[in-house]
Amino acid sequence: MSCRPTHCSGNLGALLLLASVCLGGCGGAQSQAPGATDASQSTAEHEPPKDHSESLNELRRKLASGLGGATELNLAAKSFGPGLGSLLAGSPDLAKLSSLDVSDNALGIDGVRALTASTRLAQLRDLDLGGNDIGDEGASAVAHAPALAGLETLNVSGNSIAESGAIALAEASSNHLSSLDLSMNGIGETGASALAHTHLPLESLYLLGCEIGTSGIKELAESASLRKLTVLALTGNNLGDEGAQALAKSSTLASLTTLDLCANGIGDAGALALAQSTHFKKLKVIELYGNDIGSRGAAALKKRFGSRLHL
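Each value, and the rule that gives it
Residues numbered from 1 in each chain as written. Predicted model: local features only at pLDDT ≥ 70, side-chain atom pairs only at ≥ 80, totals over all residues. Heavy atoms only, no water. Axes fitted to C-alpha atoms, helices over the stretch in contact; angles between N-to-C directions. Helix = DSSP H or I, 4+ residues; strand = E, 2+ residues; numbered from the N terminus. Parallel < 35°, antiparallel > 145°, perpendicular 65-115°, else oblique. Contact = heavy atoms within 4.5 Å. Nonpolar A, V, L, I, M, F, W, Y, C, P; charged D, E, K, R; others polar. Salt bridge = Lys/Arg side-chain N within 4 Å of Asp/Glu carboxyl O.

## Observations concerning the packing of helix H10 (residues 240–248) against helix H11 (residues 268–276)
At their nearest, the axes of H10 and H11 sit 8 Å apart, and the two run at 5° to each other. One way to sum up the angle between H10 and H11 is to call them roughly parallel. Between H10 and H11, the residues in contact are Asp241, Ala244, Gln245 and Ala248 and Asp268, Ala269, Gly270, Ala273 and Leu274, respectively. Classifying every residue of the contact of H10 with H11 by side-chain character gives five nonpolar, two polar and two charged.

## Description of the environment of Glu222
With respect to the element layout, Glu222 can be found in the loop between helix H9 (213–221) and strand E7 (231–233). Remark: the alpha-carbon pair of Glu222 and Leu247, spanning 25 residues in sequence, is separated by 8.5 Å.

## Some points on the pattern of salt bridges
Following the criterion strictly, the structure yields four salt bridges and no others. For Glu137, the salt bridge identified is with Arg113, shortest N-O distance 2.3 Å. Here Glu137 is found in helix H6 (residues 135–143), whereas its partner Arg113 is found in helix H5 (residues 108–116), with 24 residues between them in sequence.

If you want it as structure tokens, here you go:
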């Protein structure tokens with residue numbers, strides 16, 4: 001599942017569904033119902049592998065005819081499979097692209113390795129790899145691809161990335177990456193710590209359902225490396241009041257204009273800390289849907305943030 005959040009939105013039902021997956025870990029979306037495990041696994045084991053050759057051949061023909069002057073290519077959710085990586089890597093037109101969306105294509109590790117090994121990616125600025133099950137090895141391949149050093153936005157949400165993959169991305173050799181989406185990956189406290197010490201010039205960081213917890217948010221809140229952040233999205237990370245209080249004390253996140261704290265188990269104590277913070281002077285949006293905030297906390301937040309508050 002590619003997860004490119006724009007904020008929590010006001011859809012509480014969708015939010016709670018996301019939160020249930022987030023709080024259950026990245027594997028939560030694939031968890032089996034009690035008593036159904038054996039049957040579902042048996043079905044999956046006996047399903048023949050999908051044949052992507054026909055759709056890939058059609059794409060190969062289209063690429064052979066050229067993309068004209070197009071600098072953007074959207075191939076999202078086409079189920080091309082791992083072969084898409086090699087096909088694109090061999091296309092001369094890849095060198096013309098500034099934006100490439102190959103989310104939800106079951107690329108896997110082999111597909112992303114083939115793609116990132118291409119020498120024709122130097123002009124690419126926006127890359128969406130969400131929902132391709134690339135894992136830590138795939139994340140490392142992206143992070144260490146010389147041709148991707150010019151990326152400005154990268155989406156690797158929903159990719160079974162854990163601590164080592166997050167560390168690799170945080171240490172990527174890029175001086176331009178301003179937006180990183182790691183949502184729905186179980187990077188945990190260790191991954192959050194790596195991001196807190198990154199040299200990347202991040203301005204937007206999406207960590208929905210990443211299991212960072214209170215220890216992880218404390219690291220991010222104290223990070224001198226994230227002073228340029230204007231957008232921080234943290235839905236479903238079990239931050240609680242302690243996490244909200246850590247953010248409220250943060251002077252290093254003073255540039256934030258959007259803060260998403262939806263579905264984090266925040267109560268009145270955390271709400272009051274946010275409302276009484278001497279920071280957050282640039283906030284235009286603060287989202288707190290799906291928390292446990294009572295009337296006292298809500299009143300304080302509304303008084304402080306007014307129409308900027310989404311509660």
